[in-house]
Amino acid sequence: MTSISFGWYVGIDWATQAHQVTVLDAERRVLGERSVAHTGSALAELASWLTEICGGEVDRVAVAIEIPRGTVVETLLERGFAVFALNPKQLDRFRDRYTVAGATDDRRDAFVLAASLATDQPAFRRVRLDEPLVIRLRELSRLEAELHQEEGRLTNRLRDLLHRIYPQVLRLAPAADEPWVWELLELAPTPAAAQRLTRPALSKLLRAHRIRRLAADAVLAHLHAPPVSVAPGTVEAVSEHIELLLPRVRLVHAQRVRCLGRIERVLQAMAGAPPGQGEHRDVEILRSLPGVGRLVAATMLAEASQLLAQRDYHALRAQGGIAPVTRQSGTRARVDMRYHCNHRLRNALYHWGRVSAQCDLLSRQHYEALRRRGHSHGRAVRGLIDRLLVILMAMLRSQTVYDPTRRRAYAA
């Protein structure tokens with residue numbers, strides 16, 4: 001990576017309430033320092049102050065900050081400043097140049113950021129504004145992940161409560177995470193109430209939720225099984241807990257379904273954008289690959305939009321945790337999995353590889369070959385994803401969708 005010569009270097013130590021700002025010239029002399037509150041007027045005043053210092057030459061001002069996005073970053077990018085992001089661990093190493101005590105100070109950190117950007121610009125990553133649809137997709141994909149985790153926590157609690165007084169239901173749905181089970185619990189909240197359920201009512205419930213793996217008679221047989229023995233009052237107390245828990249489970253599930261629908265609409269809007277705008281063709285190319293579903297595509301476009309736009313294979317595999325880490329000292333060398341990466345992107349890539357090995361013949365053959373060589377399941381999936389990323393980069397550069405026949409001919 002080549003360095004660009006700037007006339008002024010700004011370091012911003014980001015904080016929740018106020019940000020410490022230090023401005024250096026090209027010779028790394030301090031031109032000014034100030035604390036900036038996290039308000040719209042204060043950030044606008046910061047941009048005006050920096051513009052005044054550089055005499056209006058905002059394109060010659062480089063700003064260093066630890067976070068790659070947010071209000072501060074977007075304000076400066078809209079004003080035309082060049083913004084560079086740095087990993088906090090790298091800042092910790094640069095701080096050792098000026099003090100080895102390990103103490104942190106906002107003013108020192110702001111100075112270290114600016115000085116390090118002046119001397120070690122290749123260590124920083126330049127930040128650019130994303131397309132509006134990419135920003136929206138990022139928020140939706142992260143919200144969906146949070147809702148998925150929350151739904152899992154709530155259904156786990158529901159399962160534990162059922163295991164305590166109502167294990168018959170868990171024989172029908174072991175995870176207690178299906179909407180038809182929640183409606184069944186509203187119809188029959190206790191084992192005693194389940195004895196009064198009729199076959200027509202159960203048939204209607206199963207038809208409404210399109211449950212074909214279970215027949216009404218089989219469900220009745222499970223529900224009419226002898227209940228477990230518990231202390232007096234336990235059934236009433238636990239069933240009351242379940243009654244209060246079910247609306248929360250339903251709410252989170254409904255929100256997640258709506259979120260998934262919005263993600264799909266954003267992906268369709270990105271794919272249908274005019275050529276030359278945003279991720280027009282990239283969405284269609286990415287979704288044509290085997291194993292890439294709605295959530296995998298959304299996460300990759302949201303978390304690695306700039307890397308995909310730049311066709312940067314090496315940075316993408318490093319950000320996604322696919323590239324291994326080599327530790328070598330003297331005659332000893334060891335290759336380990338990369339743990340410091342974008343975990344959302346890594347999870348998306350893992351599921352891409354896992355599903356691809358199940359539904360695509362060539363991917364499955366490559367996965368099985370890696371397993372025969374002694375690699376673990378995770379290592380084999382990462383090796384498969386590494387090959388699929390090479391294919392994805394070639395498809396993006398040539399602007400062609402996935403063609404399995406062409407890949408089979410190349411493999412042969």
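Calculation criteria
Residues numbered from 1 in each chain as written. Predicted model: local features only at pLDDT ≥ 70, side-chain atom pairs only at ≥ 80, totals over all residues. Heavy atoms only, no water. Helix = DSSP H or I, 4+ residues; strand = E, 2+ residues; numbered from the N terminus. Buried < 20%, exposed > 50% of the residue type's maximum accessible area, 1.4 Å probe, protein only. Contact = heavy atoms within 4.5 Å. Areas by Shrake-Rupley, 256 points an atom, 1.4 Å probe, with all protein chains shown as cover. Lys, Arg positive; Asp, Glu negative; His and termini not counted. Charge placed at Lys NZ, Arg CZ, Asp CG, Glu CD. Core = buried A, V, L, I, M, F, W, Y, C linked by side-chain atoms within 4.5 Å. Pairing = 2+ DSSP bridges. Axes fitted to C-alpha atoms, helices over the stretch in contact; angles between N-to-C directions. Salt bridge = Lys/Arg side-chain N within 4 Å of Asp/Glu carboxyl O. Phe/Tyr/Trp six-rings, centres within 6.5 Å; stacked < 30°, edge-to-face > 60°. Lys NZ or Arg CZ within 6 Å of the ring centre and 35° of its normal.

Q: Can you help me understand the overall build of the chain in this one?
A: Across its full length, the chain holds 19 helices and eight strands. Taking all 412 residues of the chain together, the buried fraction comes to 43%. Sequence-distant contacts in the chain: of pairs separated by 6 or more residues, those separated by 24 or more amount to 61%. Accessible surface computed for the chain: about 22,000 Å², of which carbon and sulfur atoms make up 51%. One way to put it: in the chain the 59 positive side-chain charges average out to a point 8 Å from where the 44 negative ones average out.

Q: Mind showing me how you'd approach the environment of Cys341 here?
A: Within the secondary structure layout, Cys341 lies in the loop between strand S8 (332–336) and helix H16 (343–359). A C-alpha to C-alpha distance of 9.2 Å links Cys341 and Ile322, two positions 19 residues apart in sequence. The contacts of Cys341, once residues within four sequence positions are left out, are Ala318, Gln319, Gly320, Gly321 and Arg346.

Q: What's the story with the nonpolar core in this structure? I'm lost.
A: Among the nonpolar cores identified, the biggest contains 78 residues, and Leu223, Trp352 and Leu392 are the most heavily contacted of them. At 11 residues, helix H11 (residues 234–271) tops the list of elements feeding residues into this core. For Trp352, the contacting residues outside a window of four places in its chain are Leu289, Pro290, Gly291, Val292, Val296, Met300, Ile385, Leu388, Leu389 and Leu392. By size, the runner-up hydrophobic cluster in this structure holds 25 residues, among which are Trp8, Ala42, Leu46 and Val63.

Q: Which parts of the structure should I look at to understand unusual backbone geometry?
A: When glycine is set aside, most residues are seen to have a negative phi, and most peptide bonds are trans. We note that Arg28 has phi near 65°; this positive angle belongs to a residue other than glycine. Here Arg28 lies in the loop between strand S2 (18–25) and strand S3 (30–37). According to the relative accessible area criterion, Arg28 is partly exposed, its value standing at 44%. Even without being a glycine, Arg311 presents a positive backbone phi close to 55°. With respect to the helices and strands, the residue Arg311 is situated in the loop between helix H14 (305–310) and helix H15 (313–319).

Q: How do you make sense of the sheet that holds strand S5 (residues 82–85) when you look at a structure like this?
A: Strand pairing in a sheet is mediated by backbone hydrogen bonds. Such pairs are either parallel or antiparallel. The six strands are arranged S3-S2-S1-S4-S5-S6 in an open sheet whose pairing can be described as mixed. Of all strands in the sheet, those with a lone pairing partner are S3 and strand S6 (125–127), marking the two edges. Taking each pair of neighbouring strands and ignoring which way they run, the sheet shows an average axis angle of 25°. Seen against the sheet, helix H4 (residues 106–119) touches strand S1 (8–13), S2, S3, strand S4 (61–65) and S5 and runs at an angle of roughly 140° to S1.

Q: Looking at this model, I keep getting lost on the pattern of salt bridges. Mind explaining?
A: Opposite charge on two side chains permits them to pair, given that their charged atoms come into close proximity. Tallied over the full model, the rule gives 22 salt bridges. Arg317 is the partner of Asp386 in a salt bridge, and the nearest nitrogen-oxygen pair spans 2.8 Å. Residue Asp386 is located in helix H18 (residues 377–398), and its partner Arg317 is located in helix H15; the two are separated by 69 residues in the primary sequence. Residue Asp386 shares its accessibility class with Arg317, and that shared class is buried. Taken together, the shared-partner salt bridges in this structure form one network comprising Asp92, Arg93, Arg95 and Asp109.

Q: Even after reading the chapter, I still don't get the packing of aromatic side chains, so can you show me in this structure?
A: Any aromatic ring pair is given by two values, namely how distant the centres are and how the planes are angled relative to each other. Counted under the stated rule, the structure contains four aromatic pairs. For the pair Phe6 and Phe84, a centre-to-centre distance of 5.9 Å together with 80° between the ring planes defines the contact as edge-to-face. Of this pair, Phe6 sits in the segment before S1 while Phe84 sits in strand S5, and the two are 78 residues apart along the sequence. Exposure class is identical for Phe6 and Phe84. Each is buried. An aromatic cluster of three or more residues is present, and its members are Phe6, Tyr9 and Phe84. Directly above the ring of Trp49 sits Arg34, whose terminal nitrogen or CZ lies 4.1 Å from the centroid.

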